[in-house]
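Analysis of the macromolecular model
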There are 2 protein chains.
Amino acid sequence: MKKLINKPEDFVRESLEGMAAAHSDLIKVHYDPTFVCRTDAPIKGKVAIISGGGSGHEPMHAGFVGMGMLDAACPGEVFTSPTPDQMLEAAKSVDGGAGIIYIVKNYSGDVMNFEMATELARGEGIRVLNILIDDDVAVKDSLYTQGRRGVGTTILAEKICGAAAQQGYNLEQIASLCRRVNLNGRTMGIALTSCTVPAKGSPTFELSDREIEMGIGIHGEPGRERMDLKSVDEITEMLTLKLIEDVGYSRIVREWDEDKGEWVDVELVDPNLERGDRILAFVNSMGGTPLSELYLVYRKLAEICSQQGLQIVRNLIGSYITSLDMQGCSITLLKLDDEMIRLWDAPVKTPSLRW
Amino acid sequence: MKKLINKPEDFVRESLEGMAAAHSDLIKVHYDPTFVCRTDAPIKGKVAIISGGGSGHEPMHAGFVGMGMLDAACPGEVFTSPTPDQMLEAAKSVDGGAGIIYIVKNYSGDVMNFEMATELARGEGIRVLNILIDDDVAVKDSLYTQGRRGVGTTILAEKICGAAAQQGYNLEQIASLCRRVNLNGRTMGIALTSCTVPAKGSPTFELSDREIEMGIGIHGEPGRERMDLKSVDEITEMLTLKLIEDVGYSRIVREWDEDKGEWVDVELVDPNLERGDRILAFVNSMGGTPLSELYLVYRKLAEICSQQGLQIVRNLIGSYITSLDMQGCSITLLKLDDEMIRLWDAPVKTPSLRW
């Protein structure tokens, strides 16, 4: 294993210490339990947005803490869910009295722990709603999930809901918006190489020099299919058509019903992508793929979207939701409406996203 | 070779086509000869800042074209200097009547071609001054250079001089500022793995699983020393101390003398870094090293600077001057003054740097 690290067991903590040293104008890092929050939190009367998940996907989530995006992030160990006490302490620390949205990627550990944290926070008198992101069209169930995995749309939901919170939306409005972003977003990824988890020290999976993994998960979990290496145009076309052709995905999610005071099952169905739709196209590096190659992906993606009558009106290209040092990329398409566009364009100031 | 590409010979052009498709609000890409320029150029009365060099270092330089930074960038083929006609056409395209600064990294091909372009542009009545960046303390001469190589400080000079131009500085003021940034900046890098040039298809050099190359060049050219893999703290300490201890570097540069109407040799000497100095610390990924590891570097760097009495007042952490998919990093320290800080903080809006 060749990495710029000290002891594998110190990797997450030391990386956060580096972040804290670098961005003390924007974020504070708390330890035991570990969470990252805005320096100016809590903000009275503002809904707070919190996310979290295993480390190894940087800059997600801690890199998105700041004005116009997250109020706090809870990093777990590498590829391991954070614990409910991290989420609870983060909530207590950034609660401005208007409630908390937990944005939760659909992995069994995260879902369970965020639900527990939701109940703990409610027990302390903090209103919390948690919204699930499950946008990965590659597989229905996987090693870490029941149902689809949560991937690229998470970043977009964090930006859009963060802007909404900054502009004074209330808890229910943001929950509804976040749910809409999730339903409107879809992602699929591909790996050219495996990632290497520091504590393990060897690649998570083996791919020959001529193989790629289509539909890879962000923890290196298997995708849809292993196939021969192809040109970027062919790979991009396969990913993009899978995204466009995905229709009517339905899932049952557990949501908190305020009136009943209990969890209820709700069915949610993705809207289809249709000719004339305006979309945000997000091309993401898995960590080891350089920007120059992402632009090759974007080039073909833009061509296909144009052929399919989809209008790319916003884009994001870079390393935002990664899998350590994995080479590969993911494509996320988010169907936009006027409100989402306005919120996407709103100012943001975080360590890894700002405009 | 595993990359997201089509034919190697189309790599640069197709990557630029992707950029053009993604960032049509900020940049225009011209072909034959190839250069990238601001959509709003030329700007009457503003000095134009142009840089360029071989491709494979993205986002440098094309990713830094836009408001408050570069007016144009001239990308060559991978690791190959652009040609004088690219530089000349870029100059003609963005000239607003107040003159042009060429920011040139010190590689023999770049230096020669930018000097030729300077003379061609002068022949067309455009005032041009070219300023050399030679900040890499690793080696005095290398495969591609006489004297030090130009690396990380280039980005900082582009940002600071771009802001100065945006604020109405004249040609001589910007030339003087750019020279000061170069003298005040110093960089050294390290590789964990080689890069792979698309047209070659195999690694530029071989490193065993236990070796690193200290003082690596951004084309994979040899550094100071090959050594056993070490912890990030040890690596960061070696790099940082080399930067801090580098004193009194002197070089002769060719500069255009307006009064004499000819090139003259000028001796320029770096100021030393001293206790109490304010610095900008720039931790850069070579392309394949993820952000989480850069924060480990920054953590130790901040500790050492503090011990040495250097005050980090600004920082930049990410993939800005890369070497395709190489794993590794570089550290740049720039000694700051009030003027540079003010210009660093000024608004910038480019594909890869914005605030």
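Residues numbered from 1 in each chain as written. Chains lettered and ligands numbered in written order. Predicted model: local features only at pLDDT ≥ 70, side-chain atom pairs only at ≥ 80, totals over all residues. Heavy atoms only, no water.

Focus on the overall build of chain A
- When helices and strands are counted, chain A shows eight helices and 14 strands.
- A compact globule built from 355 residues would reach a C-alpha radius of gyration of about 20 Å, and chain A, at 19 Å, matches this within 12%.
- With respect to the principal axes defined by its C-alpha atoms, chain A has extents near 55 × 50 × 35 Å.
- Evaluated residue by residue, chain A yields a buried proportion of 66% over its 355 residues.
- Long-range pairs, those at least 24 residues apart, make up 71% of the contacts in chain A with a sequence separation of at least 6.
- Carbon together with sulfur atoms contributes 47% to the accessible area of chain A, which is approximately 11,900 Å² in total. (Helix = DSSP H or I, 4+ residues; strand = E, 2+ residues; numbered from the N terminus. Rg over C-alpha atoms; globule rule 2.2 N^0.38 Å. Buried < 20%, exposed > 50% of the residue type's maximum accessible area, 1.4 Å probe, protein only. Contact = heavy atoms within 4.5 Å. Areas by Shrake-Rupley, 256 points an atom, 1.4 Å probe, with all protein chains shown as cover.)

Details of the packing of aromatic side chains
- The final tally for this structure, using the stated rule, is ten aromatic pairs over all chains.
- Each ring, one from Trp344 of chain B and one from Trp355 of chain B, has its centre 5.3 Å from the other, and the planes form 55 degrees; the classification is tilted. Taken together, the residues Trp344 of chain B in helix 8 (residues 338–345) and Trp355 of chain B in the segment after helix 8 connect sequence positions eleven residues apart.
- Trp355 of chain B gets classed as partly exposed once you look at its relative accessible area, which sits at 30%.
- Here the aromatic residues Phe64, Phe282 and Tyr320 of chain A are joined through ring pairs into a cluster of three or more.
- A cation over a ring is seen here: Arg13 of chain A above Tyr31 of chain A, with NZ or CZ 4.4 Å from the ring centre. (Phe/Tyr/Trp six-rings, centres within 6.5 Å; stacked < 30°, edge-to-face > 60°. Lys NZ or Arg CZ within 6 Å of the ring centre and 35° of its normal.)

Concerning the relation of the copies chain B and chain A
- Taken as rigid bodies, chain B and chain A are interconverted by a rotation of 180 degrees and an axial shift of 0.0 Å, the fit giving an RMSD of 0.0 Å. Put plainly, the chains are arranged around a two-fold axis. Among all residues of chain B, the one whose C-alpha sits closest to the rotation axis is Gly288 of chain B, at a distance of 2.1 Å.
- A shared interface surface links the copies, since 100% of the contact residues of chain B are contact residues in chain A too. (Least-squares fit on C-alpha atoms with pLDDT ≥ 70 in both.)

Describing the confidence of the model for chain A
- Chain-level pLDDT for chain A is 96 on average; 100% of the residues reach the 70-or-more range.
- Scored by ipTM, the complex comes to 0.97, with pTM at 0.97. (pLDDT = per-residue confidence, 0-100.)

Some points on the packing of helix 7 (residues 291–307) of chain A against helix 1 (residues 11–22) of chain B
- With their axes 7 Å apart at the nearest point, helix 7 of chain A and helix 1 of chain B run at an angle of 65 degrees to one another. Crossing hand, helix 7 of chain A versus helix 1 of chain B: left-handed. Across from Ser292, Glu293, Tyr295, Leu296, Tyr298, Arg299 and Ala302 of chain A in helix 7 of chain A, the residues of helix 1 of chain B making contact are Phe11, Glu14, Ser15, Glu17, Gly18, Met19, Ala21 and Ala22 of chain B.
- In terms of residue class, the contact of helix 7 of chain A with helix 1 of chain B is made up of eight nonpolar, three polar and four charged. (Axes fitted to C-alpha atoms, helices over the stretch in contact; angles between N-to-C directions. Left-handed = near helix turned anticlockwise from the far one by under 90°. Nonpolar A, V, L, I, M, F, W, Y, C, P; charged D, E, K, R; others polar.)

Observations regarding the interface of chain B and chain A
- Contact residues are listed per partner, giving 52 residues for chain B and 52 residues for chain A.
- Taken together, both faces of the contact between chain B and chain A bury some 4,300 Å²; the carbon and sulfur share is 60%.
- Interface area lost by chain B to chain A is led by Lys2, Leu4 and Tyr295 of chain B, which between them contribute 22%.
- Inspection of the chain B/chain A interface yields four salt bridges.
- Arg299 of chain B serves as the salt-bridge partner of Glu14 of chain A, at 3.5 Å between the closest nitrogen and oxygen.
- Counting the contacts that link chain B with chain A gives 22 residue pairs in polar contact (both at pLDDT 80 or more).
- When contributions to the side of chain B that touches chain A are tallied by element, the ones reaching two or more residues are helix 1, helix 6 (232–245), helix 7 (291–307), strand 13 (311–318) and strand 14 (328–335) of chain B.
- The leading source of residues in the side of chain B that touches chain A is helix 7 of chain B, at nine residues.
- Of the residues belonging to the side of chain B that touches chain A, the class tally is 25 nonpolar, 14 polar and 13 charged. (Buried area = accessible area lost by both parts, 1.4 Å probe. Salt bridge = Lys/Arg side-chain N within 4 Å of Asp/Glu carboxyl O. Polar contact = N/O pair within 3.5 Å; in protein donor to acceptor, adjacent residues only side chain to side chain.)

Focus on a nonpolar patch on the surface
- A cluster of nonpolar residues, Met112, Met116 and Leu120 of chain A, forms a patch on the protein surface that exposes about 280 Å² of accessible area.
- Using a relative accessible area of 41% as the deciding quantity, one classes Met116 of chain A as partly exposed. (Patch = residues over 30% accessible without salt bridge, like charges linked within 9 Å, V, L, I, M, F, W, Y side chains within 5 Å.)

A short note on the layout of surface pockets
- Estimates place the volume of the second largest pocket at around 1,100 Å³.
- What lines the second largest pocket is a set of 33 residues, among which Thr193 and Gln327 of chain A together with Thr193, Asp209 and Gln327 of chain B lie closest to the centre. (1 Å grid on protein atoms, 1.4 Å probe; cavity = no way out; pocket = protein on both sides within 12 Å on 5 of 7 lines; lining within 4 Å. Points joined across faces, edges and corners; volume = space filled by probe spheres on them.)

Here we look at the environment of Ala163 of chain A
Residues and elements named next belong to chain A.
- Locating Ala163 in the fold gives a position in helix 4 (residues 153–166).
- On a C-alpha basis, the gap between Ala163 and Ser231 in space is 38 Å, while along the polypeptide they are 68 residues apart.
- Among all residues touching Ala163, those that are not within four sequence positions of it are Gly68, Leu343 and Ala346.

Some words on helix 8 of chain B
Residues and elements named next belong to chain B.
- Along helix 8, the residues that are buried comprise Met340, Ile341, Leu343 and Trp344. Buried residues in helix 8, looked at end-on, bunch into an arc of 170 degrees, giving them a common side.
- Looking at the buried residues of helix 8, the elements they touch are helix 4 (153–166), helix 5 (171–184), strand 12 (278–285), strand 13 and strand 14. (Arc of directions from axis to C-beta.)

Considering the pairing of strand 13 (residues 311–318) of chain A
Residues and elements named next belong to chain A.
- When strand 12 (residues 278–285) meets strand 13, the two strands line up parallel, connected through seven bridges. Residue pairing for strand 13: Leu280 is matched across the bridge by Arg314.
- With helix 7 bridging strand 12 and its parallel neighbour strand 13, the resulting β-α-β unit is right-handed. (Pairing = 2+ DSSP bridges. Right-handed = clockwise from strand over helix to strand, strands pointing away.)

Thoughts on the sheet that holds strand 2 (residues 35–38) of chain A
All names here are of chain A.
- The strand order 1-2-4-3-5-6 describes an open sheet built from six strands, whose pairing is mixed. Both edges of this open sheet fall to strand 1 (27–30) and strand 6 (128–133), since each of them pairs with a single strand only. For this sheet, the mean inter-axis angle between neighbouring strands, taken without regard to orientation, is 20 degrees.
- Two strands pair when backbone bridges link them, and strand 1 and strand 2 are joined in this way by four bridges, in the antiparallel orientation. Bridge pairing in strand 2 links Lys28 to Cys37.

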